[in-house]
Amino acid sequence: TTSESSFSVLTIQDVRYPDQALRGSINGKATSAVFFLELATAVKGYTIQGLTMQESFQVPFKSKGNLMFLEVLGNGVGFVTFSDTMEMNVWNMHGDILSTLNTHQGKINDVRLSKDGRFIATAGFTSEVQIYEVELMKGTTSFSACRKVMDLQGHKAAVYSVDFSTDGKMAATVSRDGFLMLWNINVRYREQESCKLVLSIKPEGPARLDRIRLSPDGKIAAISEGSSVWFYSTADGHLVEKIENSTPTKSPSSGGYGRILKMEFLGGKENALVTLCEVDKFIRVWRTPAV
């Protein structure tokens, strides 16, 4: 076990979205951003140049139900939204809906996009993860279609979280069944070749596997449980390190540390991990342990 003092390198408080937005996402190149405005029930897009954000569109949120997830595609095509009715919409950066699908997963727990914007993975109430491909017109960056191309089947209960490797060739999942699974998704799916299960372990330590994220180099799988983070080797699944209670602040009402609301790896050689805790609303950046 490693203490917070040896892990933590930076804390920032009260980072807020603009315009009282409920959700937001920025593309990997930090050139565009999209936010959901709760009071206006609208989606608002921005172009980013340096530290300046300029509004590019604002349109009504046309999906059925309440917004649950919003992510900008890495390929520049647009962004993806999910509602609590299981409706998935792919939008362009002008605010037009390009495609509408229903995942029929009962409830969506996690949505992840591959770094290149090609694949969308959805984890929900069912035991399988669905992977959709955002297809482009040949030789262009223009949207063609979005369709389901792969399933990750192996868990025995609802899947809580999913993530892609940086190169988009691997995926990781954690489930209510207590298992961490790593998958090779670099398969000939158009020829009906199934994804390959590479590793399946029941990690020692956490009672519930809330969220999983893969490090940029693919060597570490970070799993959150409550306010703690556990780091596992993707080579053999052994526990590398853990952060016990990533926030020192307890909730005045419950007396607990709360849970991690958001967890993401940053790019670069440091493999730094960012966490956002619900109790103190601090963003913390952690050095990822070496394997």
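Scroll up to find the structure.
In terms of helices and strands, the protein chain carries one helix and 24 strands. Its C-alpha atoms give the protein chain a radius of gyration of 19 Å, within 12% of the compact-globule value 19 Å for 291 residues. C-alpha atoms of the protein chain, sized along the principal axes, occupy 50 × 45 × 35 Å. The contacts in the protein chain between residues at least 6 apart in sequence include a share of 40% that link residues at least 24 apart. Approximately 14,300 Å² of the protein chain is accessible, and the part contributed by carbon and sulfur atoms is 49%. Each charge sign in the protein chain was given a centre, from 32 positive and 31 negative side chains, and these centres are 2 Å apart.

Another point: the pairing of strand β6 (residues 67–72). For a regular strand, the rule is simple: side chains alternate between the two faces of the sheet. Looking at chain direction, β6 and strand β7 (residues 78–83) are connected through five bridges and run antiparallel. Its bridge partner lying in β7, Phe69 is registered against Phe82.

What follows concerns the packing of aromatic side chains. The final tally for this structure, using the stated rule, is seven aromatic pairs. Taking 5.4 Å as the distance between ring centres and 15 degrees as the angle between the ring planes, the aromatic pair formed by Phe79 and Trp91 counts as stacked. One end of the pair, Phe79, is in strand β7; the other, Trp91, is in strand β8 (residues 87–92), with 12 residues separating them in the sequence. We note that Phe79, like Trp91, is buried. Through pairs of rings, three or more aromatic residues link up here, namely Phe36, Phe57, Phe61, Phe79 and Trp91.

Moving on to the sheet that holds strand β2 (residues 21–26). Reading across the sheet, the four strands line up as β2-β3-β4-β5 and stay open at both edges, with antiparallel pairing between neighbours. Looking at strand neighbours, the two that pair on one side only are β2 and β5 (52–60), the edges of this open sheet. Pairs of neighbouring strands in the sheet enclose a mean axial angle of 20 degrees, with direction left out of account. As judged from the five bridges shared by β2 and strand β3 (residues 32–37), these two strands associate in the antiparallel manner.

The next point concerns the nonpolar core. Judged by nonpolar contacts, the single largest core of 17 residues is most densely connected at Val129, Ile131, Met150, Leu152 and Ile185. For this core, the elements supplying multiple residues, two or more each, are β11 (119–124), β12 (129–136), β13 (143–152), β14 (159–164) and β16 (180–184). In contact with Ile131, not counting residues within four places along its chain, are Phe119, Ile120, Ala121, Arg147, Lys148, Val149, Met150, Leu152, Phe164 and Ile185. If you look at the next biggest cluster of nonpolar residues, it comprises 16 residues, including Met88, Leu113, Val134 and Cys146.

What follows concerns the pairing of β16. Among the five residues that make up β16, four are buried, leaving the element largely enclosed by the rest of the structure. Across five bridges, strand β15 (residues 170–175) lies against β16 in antiparallel orientation. Across the sheet, the residue bridging to Val174 is Leu180, located in β16. Once β15 ends, the chain turns through four residues before running back antiparallel as β16, passing Gly178 with a positive phi of about 90 degrees. Note: β16 against strand β17 (residues 196–201), five bridges, orientation antiparallel. Among the inter-strand pairings, Leu182 is bridged to a residue of β17, identified as Leu199.

The rules behind the values
- Residues numbered from 1 in each chain as written.
- Predicted model: local features only at pLDDT ≥ 70, side-chain atom pairs only at ≥ 80, totals over all residues.
- Heavy atoms only, no water.
- Helix = DSSP H or I, 4+ residues; strand = E, 2+ residues; numbered from the N terminus.
- Rg over C-alpha atoms; globule rule 2.2 N^0.38 Å.
- Contact = heavy atoms within 4.5 Å.
- Areas by Shrake-Rupley, 256 points an atom, 1.4 Å probe, with all protein chains shown as cover.
- Lys, Arg positive; Asp, Glu negative; His and termini not counted.
- Charge placed at Lys NZ, Arg CZ, Asp CG, Glu CD.
- Pairing = 2+ DSSP bridges.
- Phe/Tyr/Trp six-rings, centres within 6.5 Å; stacked < 30°, edge-to-face > 60°.
- Buried < 20%, exposed > 50% of the residue type's maximum accessible area, 1.4 Å probe, protein only.
- Axes fitted to C-alpha atoms, helices over the stretch in contact; angles between N-to-C directions.
- Core = buried A, V, L, I, M, F, W, Y, C linked by side-chain atoms within 4.5 Å.

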